[in-house]
Amino acid sequence: MYRAAVIGLGRMGSTFDDEISSGGAIFLPYCHAPSYAASPYTELVAGADLHAEQGAIFADRWGLDQEHIYGDYREMLAAERPDIVSICTTARHRAAIIQDAIQAGVKAIWAEKPLTLSLAEADAIIELSARNSVAIAVNCSRRHSPFLTEARRMAQSGELGDILQITAYTECYISHNGSHAIDTMRYLVDGDVEWVFGEMESDEEAAGEEDLMGNGYLAFDNGVRGYIRAMPTGIAPWEFDLIGTEGRVRSLSNGAETQYYRWVPGGLRDEGLPARAPFPLPLSIQGTGLSVIADLVNAIETGSDPRCSAEDGRKALEIAIAMRESHRQGGRRVDLPVADRSLRILSVEIGGDAVPARVRRLQQEPVVA
Amino acid sequence: MSESKFRAAVIGLGRMGSTFDDEIEQGGQFFMPYCHAPTYTASPRTDLIAGADPHAEQGEIFADRWGLERGQIYADYREMLEAERPDFVSICTTARLRAQIMIDAINAGVKAIWAEKPFTLSLAEADEVIELGNRKDVAIAVNCSRRYNVFFNEARRMVDEGELGEILQITAYAQCNLSHNGSHSIDAMRYLAAGDVEWVFGEMESDEKAAGDEDLMGNGYMAFDNGARGFLRGTPTGAAPWEFDLIGTEGRVRSLAQGMEAQYYRWVPGGLRDQGLPARAPFPLPTQIPSSGLSVIEDLVDCIETGRQPRCSGEDGRKALEIAIALRESHRRGGRRVDLPLADRSLRILSVEIREDAVPARVRRMQRN
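- Identification of chain B as Gfo/Idh/MocA family oxidoreductase from Caldilineaceae bacterium SB0661_bin_32 is taken from an unreviewed UniProt entry.
- UniProt, in the comment section headed Sequence similarities (unreviewed entry), describes chain B in these words: "Belongs to the Gfo/Idh/MocA family."

## Some thoughts on the sheet that holds strand 15 (residues 334-335) of chain A
Residues and elements named next belong to chain A.
- Read across the sheet, 9 strands follow the order 14-13-12-11-7-10-9-8-15 without closing on themselves; strand pairing throughout is mixed. The open sheet has two free edges, formed respectively by strand 14 (273-277) and strand 15, since each of these has just one partner strand.
- Two strands pair when backbone bridges link them, and strand 7 (residues 163-169) and strand 10 (residues 225-229) are joined in this way by 5 bridges, in the parallel orientation. Residue pairing across strands places Ile-166 opposite Gly-226, the latter belonging to strand 10.

## Brief notes about the domain arrangement of chain B
Residue and element names in this part refer to chain B.
- Annotation of chain B at the domain level lists domain 1 (6-145 + 292-312) and domain 2 (147-288 + 319-339).
- On a C-alpha basis, the centres of domain 1 and domain 2 stand 28 Å from each other.
- Across the boundary between the two partners, domain 1 contributes 25 residues, which contact 18 residues of domain 2.
- Interface area, domain 1 with domain 2, both sides summed: about 1,700 Å², of which 56% is carbon and sulfur.
- Between the two partners, domain 1 and domain 2, sit 14 residue pairs in polar contact (both at pLDDT 80 or more).

## Thoughts on unusual backbone geometry
- That bond from Lys113(A) to Pro114(A) is cis: its omega, -5°, falls within 30 degrees of zero.
- Here Pro114(A) shows up in the loop between strand 5 (108-111) and helix 6 (119-132).
- Residue Pro118(B) is reached from Lys117(B) by a cis peptide bond, and omega for that bond is -5°.
- Of note, the phi angle at Ser133(A) is positive, near 50°, even though the residue is not glycine.

## Concerning the packing of aromatic side chains
All names here are of chain B.
- In the structure shown here, the tally under the stated rule is 27 aromatic pairs over all chains.
- Taking 5.7 Å as the distance between ring centres and 80° as the angle between the ring planes, the aromatic pair formed by Tyr-40 and Trp-114 counts as edge-to-face. Taken together, the positions of Tyr-40 in helix 2 (residues 36-42) and Trp-114 in strand 5 (residues 112-115) put the pair 74 residues apart, joining distant regions of the chain. Of the two residues examined, Tyr-40 and Trp-114, each falls in the buried class.
- In this structure, Arg-252 packs its charged tip against the face of Tyr-265, placed 5.9 Å from the ring centre.

## Overview of the pairing of strand 5 of chain B
Residues and elements named next belong to chain B.
- A two-sided burial pattern is seen for strand 5, the buried positions comprising Ala-112 and Trp-114 on one face and Ile-113 and Ala-115 on the other.
- Here strand 4 (residues 88-91) pairs with strand 5 via 4 bridges, running parallel. By the bridge assignment, Ile-91 is partnered in strand 5 with Ala-115.
- Taking the sense of rotation as the criterion, the β-α-β connection linking strand 4, helix 5 (residues 98-107) and strand 5 turns out right-handed.
- Pairing geometry for strand 5 and strand 6 (residues 139-142), over 4 bridges, is parallel. Residue pairing for strand 6: Trp-114 is matched across the bridge by Ala-141.

## Structural notes on the confidence of the model for chain B
- In the predicted model, chain B carries a mean pLDDT of 96, and the fraction of residues at 70 or more is 99%.
- Among the scores for the predicted complex, ipTM is 0.95 and pTM is 0.96.

## Considerations on the packing of helix 5 of chain B against helix 6 (residues 123-135) of chain B
All names here are of chain B.
- Axis separation between helix 5 and helix 6 bottoms out at 10 Å; the angle between their running directions is 15°. Taken together, helix 5 and helix 6 sit at an angle that is classed as roughly parallel. The two elements helix 5 and helix 6 meet at a crossing, and its hand is left-handed. The residues of helix 6 that touch helix 5, namely those facing Ala-99, Met-102, Ile-103, Ile-106 and Asn-107, are Glu-125, Glu-128, Val-129, Leu-132 and Gly-133.
- Grouping the amino acids of the contact of helix 5 with helix 6 by side-chain chemistry returns 6 nonpolar, 2 polar and 2 charged.

Conventions we followed
- Residues numbered from 1 in each chain as written.
- Chains lettered and ligands numbered in written order.
- Predicted model: local features only at pLDDT ≥ 70, side-chain atom pairs only at ≥ 80, totals over all residues.
- Heavy atoms only, no water.
- UniProt positions renumbered as here; feature names shortened; annotations may be inferred.
- Pairing = 2+ DSSP bridges.
- Helix = DSSP H or I, 4+ residues; strand = E, 2+ residues; numbered from the N terminus.
- Domains from an automatic or database assignment.
- Contact = heavy atoms within 4.5 Å.
- Buried area = accessible area lost by both parts, 1.4 Å probe.
- Polar contact = N/O pair within 3.5 Å; in protein donor to acceptor, adjacent residues only side chain to side chain.
- Phe/Tyr/Trp six-rings, centres within 6.5 Å; stacked < 30°, edge-to-face > 60°.
- Buried < 20%, exposed > 50% of the residue type's maximum accessible area, 1.4 Å probe, protein only.
- Lys NZ or Arg CZ within 6 Å of the ring centre and 35° of its normal.
- Right-handed = clockwise from strand over helix to strand, strands pointing away.
- pLDDT = per-residue confidence, 0-100.
- Axes fitted to C-alpha atoms, helices over the stretch in contact; angles between N-to-C directions.
- Parallel < 35°, antiparallel > 145°, perpendicular 65-115°, else oblique.
- Left-handed = near helix turned anticlockwise from the far one by under 90°.
- Nonpolar A, V, L, I, M, F, W, Y, C, P; charged D, E, K, R; others polar.

Structure, rendered in structure tokens:
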């Protein structure tokens, strides 16, 4: 059993799964503490949070003694020597905490998204973790979706023919949940983005560093083209559409449905018709968080990269920043990598982060569709 | 011949002028009669009275098939216009000659023109035809047939009456050369989004193609003046042939597989956090399904009688061409946003259909099969 600790004991660290009423995008356990508690590979041994109330709730809920809850994560790292540490704080401090955890000798890190605010921070983390052989998984959870993983397998094995297009309708801020949307596009296409075009929600937003909505066109190195609409998507919430010459997979309504199409004879001039076939169901579906932990354990034991690595986290951020740069430059194509590593996006989740996200959410009015 | 009937003539007696409907095995994208001669023959508002084509063989076949005397078939369309004084004239020749023939027809005093697409090769030609047509009160309909398709009409009615909420996105997967069948896809996007394009970003199939005047494939992002955004994939679309996806805040319409299926979505309760789910409802079937060609004739007759513009006007034809050219300009300028209208009116695309137009399209098609 690996000794696991959580830094940031609020929403993603502890209570997020309570909000979820149906599966698809994720299966439970999903967030950090419930996953460590359920995993056969881990024992949840400690937590750290500046906010004493969150520590008390966390200890009660996950059966830890109060002495294993720390106000200062550095003290926790020194005293508890965890093997795996989750970083579920505001993104504002993620880079510093990841670096401290690496220096403290952890074997693996399970980091919330976005990985960092700036490209320079991401560069520093990736360099340090490589030097210290620390596995870092970024929690872009769709890489652990059994449906999207099957779609990627179909793409890689050639069952969809040549992959041509990936479209995402994913209303989001391009750093915050854009981390998910952009990473999923890269995952499904199995390629890297060479250049982008982007339009942001406004010139004012594009000029600043605050997180923002926008749309983009992505040119992948394997010839695939991507279109992301992260501006409001109305009645097309969180949809991915992977189109190949021989087949197509659509993930609809935040993963609640997966569609699969193949050619059958027919059509206007007998050129064939795309027909919907049942999407292959996986043999088993485990909790998303359990899949992340199994992946990290494998990374620790074999030296492999996690399925969503820090490099993947950096690339999602870099694509988002490049889309904003495209707008800033008057709407022109921007090549990757981005030369200016000081560029950053202040992920929307850090707005108001003096109050924990769990508490902010409790204070929010219920969402009405 | 009853007094209420208009005298109709066809210029270009080959594929679109006469035989196209023979190729079509199923409805959806259009309903028969669709092309020019069979439509004039079937319409209660028109009599087919003459044809013109420099290829004698096409004239003979045309006369036989549509019951015209040999004296009503002309090699020179100018002679035909002068001798027959038609009210309606269809222009189904190669696009190379379209602008000149339209100008000659307007000057010969026709009341209405039913022109094949693309409208013209250059923007300057389009400007000249539209200016002359307006000055002489000649109604010009461009045969972008989706405007005369009841399913697209119903989708547009839903937009106009607010049933889909605010329109956010129009996506087209439509493999095509941007002038040739791009005329259809771009026009259908404009029709469904019910707006005009203010600026575009485009990527063409290659730098070499983008540098020339030949017709070409490409993808584009379009910013509409009503806030909608468009994505067109005109490069190969694999298992997503000719698809339009119209997304609003309250509803969505998808036209799939060359119009063979129309899908309609509305919100129902449910979802990951009870934020609602888009559910497929039956697409409202029309009470009647009119033929595509007869709808064009009815539209043109109404334009003659009331002076209004046709549903797919010369202006619509010019705008589709201008958007296609702007997409190419965007690529030519290294991948940057291009604002409409375009200042350089000499820009043109040599629509792919004119490439081998020494041999009629009907004959080329037979030779291919």
